[in-house]
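So the chains spell out like this:
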Amino acid sequence: MFVTDIRKEFYEVVANQRVALLVASDIDALCACKILQALFHCDQVQYTLVPLTGWQDLSTAFLEHKEQFQYFVLINCGANVDLLEMLQPDDDSIFFICDTHRPVDVVNVYNDTQIKLLIKQDDDLGVPSYDDIFRDEDGEDGDDSGNESDEGSEPSGKRRRFDEGAVERRIERQRERREWEARRREILFDYEQYEYHGTSAAMMFFELAWVLTKDTKDMLWWAVIGLTDQWVHDKITHMKYVTDIATMQRHVSRHNHRNEDEENSISIDCMRISFEYDLRLTLYQHWSLYESICNSCYTSCNFKLWTLNGQKKLQEFLADMGLPLKQVRQKFMSMDMSIKENLRDVIEESSNKYGMKDVRIQTFGVHFGFKNRFLASDMVHATAALLESTEKDESEGDNFIKALDSLSRSNLDCLHSGIDLAKKKLIAIQQTVASCICTNLILSQGPFLYCYLLEGTPDVKLFSKPMALVLLSKYLLKAFVHSTRNKRCKLLPLIMAAPKDVEKGTVIVVGIPPESETSDKKNFFGRAFEKAAESTSSRTLHDHFDTSIIELKTEDRSKFLDALITLLS
C-alpha cells in the first residue's frame, strides 16, 4: 500500500518504537540512511542498523530480528519482490519500504496491512488495476453449489433441464476465467518486463525531514549526493535528473537565504552548498586536470584516448585552450589562480569546437570551511570506492560503516582516502576499457554484445564487485559505440561477465541496456536472465537487488549465453 502522508503514516508510527533499519549497499541508500539516522537522533528513536548486500542477507537479517522488532524500514530493497511470500512474517510485522527499484510488485501495492510503500506516487508507476490481477475465488463457484445441493428433492425431468443450464453456465464461466487469466498474464508481463529506477530514497527522506521542519544543511547535502549517485551510475534519464535537480535547487536557495542573516555564515567550520554548472571531469579538483580528462568517461570516449589519434587530439585540445602542459599536469590545487579563475569557460569553449557540446552539467558543490570544496559527484565516487574497497581483507560490514562515515563532514580523512581509492578505480576502469577495445574482447553475439574479463586481467578483483562492474560496463559500451563503424552494433545492449570467486568457480554477470542519448534506462535483462537460467537449468544465484546482476557457475556460462541468444533473437 502506498503511504500518502509520510509524516502521519510512517514517522509518527515508528517514533515511539524500536526500529530495524535494513539498508542496501548503494550510495543513495547510505544517504537516505544518514538522513533517517539524524531524524531518529533528534527524536531519540531506538534503532538497529543492518547493512545488506542481497536477498539472502535480507532473509537472514529478518530471521535474526523478527522476535525483537515489529517495525522494519527497508531502504532501496524489497519493493520489487513479493516480500510477504519471501519472508513469511507473522501478522504483526510491519514493513516500511523506501525503494527506487521499479516495477513495484503488485502484491506489495495492494497489501493494506503489513506493507507500507514510501514511494512517490507521481513517478510513472503504471501499476495495473486491482480487478485486472486479483479475482475473488469464493464468489465464483458459490452460485452453482447451492443449486446442486437441492437437486435430490426435485423430479428427475426438471433436474436434467436444470443440469444442462448449470453445465453451460459453468463452461461459460471457465471460458471467461481462462480469458481473464491469459489477459492477466499479458498485463503482468508488460508491467514486469523492464527494470528501472524511480525518485532517489535520500530525496524521499529529505522531504520527510522538511515536512517535520527538521531539515538541516547536512541532510540537504546527503539528498543531493543520493540524486547524484543515480546520475553517476546512470540509473535515471537526463530529464528526470534535471527535474530533480531543480527541486533540490529550491531547497538549497531556501537554506542559503535562511543563513544569510546569521553571523556564522563565514566561520571556519561552516558549510555552504551552492548550485554549480560544472565540468563533467571526474574528481578534477582533487587530481591534475590532465589525469582527470584521461580518466573521465565523457572526454576519454569523445577523444578515443585508447588510440594514437586520440592522444594527438588531446594534445591539440590542450593547445587550443592555451594551457601550459606544466600547469595541466600538476595538481589542480597548485595551478595558477589566473588560470583557475576562468578555467570552466575556457574548457567549455574549446570543447564545443571538438564536438563535446555538453561538457558542463548542473550539479551542486559544497564548501566545508575555507579549505575543502567537493562536488556531489566527488562524494559519490569516493563513497562507492570505500563501499566496494578490495584493498584490505575487510568484511563488507566494515566497508559499509567506513562509507557511511565518509559522508559526515567531521570525517574528512575518511573521505580523502575514499577519493584516493576512487582515482585508482577510475584508472583501472580506463585501462580495462582500452585493453578490451584494442584486443577486440567485445563480441557481437547477435541480439547483444558480450565481453568476458579473463582471470588474470589486471584489477580483475575490483570488478568482482557489482557497482564497479556496472560502471566499467557502461564506460565500455560508450567507448565501443564511439569506436565501432558497425551501425547495427551501436544499437545493441551489452552483457559483461567477470570472475567473482575463483575457488567456488563463479562469475558475476551484468546486463546493460543499449547506449543512446534518448535511452529511457529501462533494463530487460533481469527477466531474460531468469528465463535463460530456467530453460538450461544453469546454476545461478539471483541474489542482487538489481535483477540484471547475477552470479553464475563458470562451466554453465556457454549454455546460459546460448539460451539468451535464442531467447532475445
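Residues numbered from 1 in each chain as written. Predicted model: local features only at pLDDT ≥ 70, side-chain atom pairs only at ≥ 80, totals over all residues. Heavy atoms only, no water.

Draft legend 1. Up close: the overall build of the protein chain. Counting secondary structure elements, the protein chain contains 23 helices and 16 strands. What you see for the protein chain is a C-alpha radius of gyration of 27 Å, in line with the 25 Å of a compact globule of 569 residues. Split into buried and exposed, the 569 residues of the protein chain put 53% on the buried side. Working note: accessible area of the protein chain is about 26,400 Å², and carbon and sulfur atoms make up 49% of it. (Helix = DSSP H or I, 4+ residues; strand = E, 2+ residues; numbered from the N terminus. Rg over C-alpha atoms; globule rule 2.2 N^0.38 Å. Buried < 20%, exposed > 50% of the residue type's maximum accessible area, 1.4 Å probe, protein only. Areas by Shrake-Rupley, 256 points an atom, 1.4 Å probe, with all protein chains shown as cover.)

Draft legend 2. Layout of the sheet that holds strand S10 (residues 372-375). Taking strand neighbours across the sheet as the criterion, the 3 strands line up as S8-S9-S10 in an open arrangement whose pairing is antiparallel. Each end of this open sheet is capped by a strand with a single partner; those strands are strand S8 (271-279) and S10. Taking the axes of each pair of neighbouring strands and ignoring which way they run, one obtains an average angle of 30° across the sheet. Note that S8 and strand S9 (residues 360-368) share 9 bridges and pair antiparallel. If you follow Tyr277 over to S9, its bridge partner there is Gln362. This element, helix H10 (residues 217-232), spans S8, S9 and S10 of the sheet and lies at about 25° to S8. Contacts from helix H17 (residues 343-353) reach S8, S9 and S10 within the one sheet, and its direction differs from that of S8 by about 20°. (Pairing = 2+ DSSP bridges. Axes fitted to C-alpha atoms, helices over the stretch in contact; angles between N-to-C directions. Contact = heavy atoms within 4.5 Å.)

Draft legend 3. Here's a closer look at the pairing of strand S2 (residues 46-52). Sheet topology note: the strand S1 (residues 18-24)/S2 ladder contains 7 bridges and is parallel. Within the sheet, the bridge partner assigned to Val19 lies in S2 and is Tyr47. Regarding topology, helix H2 (residues 27-42) serves as the crossover connection from S1 to the parallel S2, and that connection is right-handed. (Right-handed = clockwise from strand over helix to strand, strands pointing away.)

Draft legend 4. Summary view of H17. What H17 keeps buried is the set Leu343, Ile347, Ser350 and Ser351. The buried residues of H17 occupy an angular sector of 105° when the element is viewed end-on, so they sit on one face. Structural note: H17 exposes Glu349 and Lys353 on the side pointing more than 90 degrees away from its buried face. Directly after H17, the chain includes Gly355, whose backbone phi takes a positive value near 80°. (Arc of directions from axis to C-beta.)

Draft legend 5. Focus on the sheet that holds strand S16 (residues 549-553). Sheet architecture is open: 6 strands sit in the order S11-S12-S13-S14-S16-S15, paired in mixed fashion. The sheet terminates laterally at strand S11 (443-444) and strand S15 (540-541), the two strands that pair on one side only. Two strands pair when backbone bridges link them, and strand S13 (residues 494-501) and strand S14 (residues 506-512) are joined in this way by 7 bridges, in the antiparallel orientation. What sits directly across from Pro499, in S14, is Val507. Strand contacts of helix H23 (residues 557-568): strand S12 (449-452), S13, S14, S15 and S16, with the helix running at about 130° to S16, the strand carrying the most contacts.

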